[in-house]
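# Coordinates in review
Listed here are the chains, written in short residue letters.
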Amino acid sequence: MDYKDLADLIFPDAKPIEYYEEKYPARDLKEGAIVTRFAPSPTGFVHIGGLYQSLIAKKLAKQTEGVFFLRIEDTDQKREIKSAVSGITAALKQFKLEPDEGMISENEEKGKYGPYKQSERKAIYQSYAKHLIELGKAYPCFCSPEELDQIRKKQETAKIRPGYYGVWAKCRNLTVEEAIAKIKNGEKYIIRFKSNGREDRKIQHHDMIKGKVDFPENDQDIVIIKADGLPTYHFAHVVDDHLMHTTLVIRGDEWLSSMPLHLQLFHEMGFKPPKYAHIAPIMKNDNGNKRKLSKRKDPEAAVSYYEEAGIPEDAVNEYLLNIANSNFENWRRANPDKSLDDFTLQLNKMSVSGALFDMVKLLDIGKTVISRYTAERVYDEALAWAKQYDPELQKMLEEDSAYSLKVLGIERGNKKPRKDIAKWSDLKQNIDYMYDDIFYSQQHDYPYQVIKNPEDINKILELYIQKYYNDADDKQTWFDKIKDLSGEMGYAREVKEYKQNPEKYAAHVGDVSTVLRVALTSRTNTPDMYEIMQILGKDRITKRFYAAKIATGANTAENKNEEDLKKKLKK
Ligand code: GLU
């Protein structure tokens, strides 16, 4: 009896590997094209690190006219979660990282190198495992969990390396006859790889990110097929990336230490290994300690966080490119209007240790990204977000969409657009004062600054609306009139004038503008006031001034007649 008999007994129905070798021929791509993938386990949680990996993978594939595919690694069926695949495909779609090939929804896939879900590739793995058994490079192991535990304990006591290797690998020395007898006897088993590596020998590997790395060879007889007939990660990785013709494996650097094993498996199976790029995880500064972004502790580790906060996908992608390549920032400065597609990502410019996640920076990018959007785009994206997360904002935007477009158009579309919205969840409080229903339903504290005296404030508002404001004025005329009003009040018409003679004036034109701004919006900081006034129009400005006057509590002619004012406000 020989290895073939053993292999046939274990996997009687497995096809010869030639069948799959022919079924999945080399890809017809141009020289240098990168075939790469994102290969998550469907755990129900999409980590921002996965998005980061996918962005890098998709970009490299695109830059080289290669292929980016999505493979679902669901061989750990204990961990499996319902609809986790659609969570992954939806996240990739949302961030414009759709794969060229692979899973596209929970149960659908595209491409000729499938199935792209490992649990559906059982027969393929078994063929390759059978092949290894036939070559004498894999064997059934009958050790029970208790026996393995005993081995581990003995190793611990003797303070030697743990694992199933060398003299500890009890079943590797069973003869084919012994193994066959045990199987026929109904004993349970798994399949292990028979390692020919030696711990005292080194292998060298060149990683596309980490550079040159040295490791001891692998001497562990690792499990390749588990008791449920499914492969372990290591075996599936080698079989799949071989058959799918992956040229570059981009994955988290927690796998770097598995390199000796993976290279050995490729070699022993007679396959050409792909190149590897091990990415350092995204880190977080936790009170001075640098640690990985954690699914448990950090809400921003979840891709869903960005969607819920309404941070635009473009901003997240741009931020991730920022941490991926240190030269991105300079490129962006030189090319403020270019699309991210125009940036060439370089693996050798990736940071070897983990980049720190910086929310302030991300939000800052969000502001720039949104500042470049047209009012229509802001409207559409904010509305789509509001429909899911903020019914009040949805109502605001939808009630009079033409009006909302005007509000969102303030200081937009010019050379220096205003950068005050980082995420859609900021929008409501950014624009709500432009909506009368909301404005009058809120309590306002009217934070006047230099000119605080109620009589002065009332006089400014009174004069301005009676004598100076006109909807038809252009911006220059509008501003000249605020200067005229300042002069009439005895303040400096120009800031410069005031600075030259500060003792001569109680205030200047800027302070008068602040009074108008605060009276209109109850804020000291708003976008362009001329545009705000144009949108509100004289009637609504007048009404807001009434409200502001009442709020000052000053003993003016108008305030004596508070009841009348209130009535006017109700109109
Ligand atoms: N399923 C593995 C993981 O989620 C994939 C690693 C790889 O890309 O090879 O970490």
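Worth saying up front: this structure is predicted, and the values here are computed from it rather than measured.

Parameters and conventions
- Residues numbered from 1 in each chain as written.
- Predicted model: local features only at pLDDT ≥ 70, side-chain atom pairs only at ≥ 80, totals over all residues.
- Heavy atoms only, no water.
- Near = heavy atom within 4 Å.
- Polar contact = N/O pair within 3.5 Å; in protein donor to acceptor, adjacent residues only side chain to side chain.
- Areas by Shrake-Rupley, 256 points an atom, 1.4 Å probe, with all protein chains shown as cover.
- Nonpolar A, V, L, I, M, F, W, Y, C, P; charged D, E, K, R; others polar.
- Phe/Tyr/Trp six-rings, centres within 6.5 Å; stacked < 30°, edge-to-face > 60°.
- Helix = DSSP H or I, 4+ residues; strand = E, 2+ residues; numbered from the N terminus.
- Buried < 20%, exposed > 50% of the residue type's maximum accessible area, 1.4 Å probe, protein only.
- Lys NZ or Arg CZ within 6 Å of the ring centre and 35° of its normal.
- Patch = residues over 30% accessible without salt bridge, like charges linked within 9 Å, V, L, I, M, F, W, Y side chains within 5 Å.
- Salt bridge = Lys/Arg side-chain N within 4 Å of Asp/Glu carboxyl O.
- Lys, Arg positive; Asp, Glu negative; His and termini not counted.
- Charge placed at Lys NZ, Arg CZ, Asp CG, Glu CD.
- Arc of directions from axis to C-beta.
- Contact = heavy atoms within 4.5 Å.

All right, on to the site of the ligand then. In the vicinity of the ligand, the contacting residues are R37, A39, P40, S41, E73, Y233, R251 and W255. Taking A39, its main chain carries an N or O atom lying 2.8 Å from a nitrogen atom of the ligand. The contact in question runs from an oxygen atom of the ligand to an N or O atom on the side chain of W255, over 3.0 Å. Considering the ligand on its own, with 300 Å² of exposed area, one finds that the protein chains cover 83% of that surface. Split by residue class, the shell around the ligand holds four nonpolar, one polar and three charged.

Moving on, we come to the packing of aromatic side chains. Counted under the stated rule, the structure contains 23 aromatic pairs. A ring pair is formed by Y20 and Y128, whose centres lie 6.4 Å apart and whose planes are at 40°; its orientation type is tilted. Of this pair, Y20 sits in helix α2 (residues 17-23) while Y128 sits in helix α5 (residues 122-134), and the two are 108 residues apart along the sequence. With respect to burial, Y20 and Y128 carry one shared label: buried. When the centroid spacing of 6.2 Å and the interplanar angle of 35° are considered together, the rings of W478 and F479 count as tilted. For W478, a relative accessible area of 7% corresponds to the buried category. For F479, a relative accessible area of 29% translates into the label partly exposed. These aromatic residues form a ring-pair network of at least three members: Y19, Y20, Y128, F266 and F271. R161 extends its terminal NZ or CZ atom over the ring of Y165, reaching a point 4.3 Å from the ring centre.

A contiguous patch of negative charge, built from D2, D5, E177 and E178, is present on the exposed surface. For E177, a relative accessible area of 38% corresponds to the partly exposed category.

Of all the positions in helix α4 (residues 84-94), only A84, V85, I88, T89, A91 and L92 are classed as buried. Around the axis of α4, the buried residues are gathered within 160° of arc, so they sit on the same side. Those residues of α4 that are buried lie in contact with β1 (35-38), α3 (48-63), β2 (67-70), β3 (101-103) and α10 (303-309). Once α4 finishes, K96 follows within two positions and takes phi at roughly 55°, a positive value.

The omega torsion across G114 and P115 is -5°, close enough to zero to call that bond cis. The phi dihedral of K159 falls on the positive side, at around 55°, and the residue is not glycine. Looking at the element boundaries, K159 is found in the loop between α6 (145-157) and α7 (176-184). The backbone phi angle of N287 is positive, close to 50°, even though this residue is not glycine. For N287, the location among the structural elements is in the loop between β12 (283-286) and β13 (289-292).

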